[in-house]
Amino acid sequence: MFTVNYHTHTARCKHASGTDRDYVQFAADHGFKTLGFADHSPQCFPGDYYSNFRMLREETEGYFSSLLALKEEFKDRIDIKIGFEAEYYPAIFRDLLNFLEPYPCDYMILGQHFLNNEYDHPQTPARGSVEYIYAYVDQVCEAMRTGYFTYLAHPDLPWCDDYSPEYFKAMEKLIACSMETKVPLEINCLGIHGSRNYPYRPFWKLVGEMSAPVVVGLDAHDQYAFTLTGVFEEAQRIIDDYNLIYTEPVLRPLHTK
Ligand SMILES: [Zn+2]
Ligand SMILES: [Zn+2]
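Residues numbered from 1 in each chain as written. Chains lettered and ligands numbered in written order. Predicted model: local features only at pLDDT ≥ 70, side-chain atom pairs only at ≥ 80, totals over all residues. Heavy atoms only, no water.

**Looking at the coordination of the zinc ion (ligand 1)**
Part 1 of the argument: All of the protein donors around the zinc ion (ligand 1) are His 15 (NE2), His 40 (NE2) and His 221 (NE2); their distances to the metal are 2.0 to 2.1 Å.
Part 2 of the argument: Read in sequence order, the donor residues coordinating the zinc ion (ligand 1) give the pattern H-x24-H-x180-H.
Part 3 of the argument: A separation of 4.4 Å is found between the zinc ion (ligand 1) and the zinc ion (ligand 2). Separated by 181 residues along the polypeptide, His 40 in strand β2 (residues 34-40) and His 221 in the loop between β7 (213-217) and α8 (229-241) bring together distant segments of the chain.
Part 4 of the argument: For His 40, a relative accessible area of 6% puts it in the buried group.
Part 5 of the argument: Taking relative accessible area as the criterion, His 221 reaches 14% and is therefore assigned buried. (Donors = N, O, S within 2.8 Å, 3.2 Å for Na, K, Ca; no water. Helix = DSSP H or I, 4+ residues; strand = E, 2+ residues; numbered from the N terminus. Buried < 20%, exposed > 50% of the residue type's maximum accessible area, 1.4 Å probe, protein only.)

Laid out in structure tokens, this is it:
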């Protein structure tokens with residue numbers, strides 16, 4: 001079964017639970033060899049905009065010091081990597097990179113939950129529309145082309161009211177860009193566990209037809225995510241059903257950029 005996971009949150013994002021140590025302990029006890037932390041990154045928002053589902057900038061220092069200590073303590077049992085799940089907000093992306101520069105950040109995964117720049121998201125097309133999907137694909141492709149992202153989390157997160165041929169045309173563009181930029185697509189275990197709209201099987205069928213590499217991410221928001229063998233089996237079934245090319249992420253550390 002899967003022994004690497006690069007998609008692990010911490011309580012700092014305010015919608016995850018458990019201590020940093022709980023995650024490491026459970027991952028090691030359940031056969032994981034590599035554990036990557038990728039909590040929702042801080043962002044350099046302008047003005048007094050406040051986002052309630054990510055760590056604050058002032059928590060970054062503690063995030064690294066806590067995880068670096070655990071990395072050392074558990075080094076004989078599990079390989080810990082420290083990164084972020086970040087949204088690509090074009091207007092403030094450079095600020096984010098500058099902010100993270102002093103830290104030993106092993107990688108960033110791209111997790112796009114909002115379009116434009118979050119604080120102006122009501123100006124995007126309505127969620128569920130084909131226009132939204134196209135805007136999502138454009139923004140995510142631009143992000144993948146920056147070269148900073150190791151993989152794309154839950155590419156099939158935005159839903160579409162009718163999943164028309166237009167949806168698949170847009171997603172074909174996304175998959176082609178993933179292949180061109182070598183930013184693999186993630187089958188998201190939290191989506192399976194929470195019976196969300198993703199993983200959306202027809203999307204993964206298309207990924208299989210286009211032979212694009214895939215990774216699997218737990219998207220752990222508590223330590224029990226490492227124990228959900230039924231969820232891992234479903235992720236494996238998706239891989240098998242559509243002949244997907246399973247790969248392990250190749251990290252793109254920020255500090256060597
Ligand atoms: Zn989250
Ligand atoms: Zn996540």
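Here the narrative resumes.
**A closer look at the coordination of the zinc ion (ligand 2)**
Part 1 of the argument: Surrounding the zinc ion (ligand 2) are the protein donor atoms His 7 (NE2), His 9 (NE2), Glu 85 (OE) and Asp 219 (OD), at 2.0 to 2.3 Å.
Part 2 of the argument: Here the zinc ion (ligand 2) binds four donor atoms, and the angle range of 81 to 169° at the metal identifies the geometry as irregular.
Part 3 of the argument: The sequence motif formed by the donor residues of the zinc ion (ligand 2) is H-x1-H-x75-E-x133-D. (Tetrahedral: all angles 85-135°; square planar, octahedral: opposite > 155°, others 65-115°.)

**Describing the pattern of salt bridges**
Part 1 of the argument: With the rule as written, the count across this model stands at 14 salt bridges.
Part 2 of the argument: The shortest N-O distance in the salt bridge between Asp 20 and Arg 12 comes to 2.8 Å. The same class applies to Asp 20 as to Arg 12, namely buried.
Part 3 of the argument: A salt bridge links Arg 54 to Glu 87, with the nearest nitrogen and oxygen atoms 3.9 Å apart. Note that Arg 54 is positioned in the loop between β2 and α2 (60-73) and Glu 87 in the loop between β3 (79-86) and α3 (93-100), a separation of 33 residues in sequence. (Salt bridge = Lys/Arg side-chain N within 4 Å of Asp/Glu carboxyl O.)

This is a description of form; function is not addressed.
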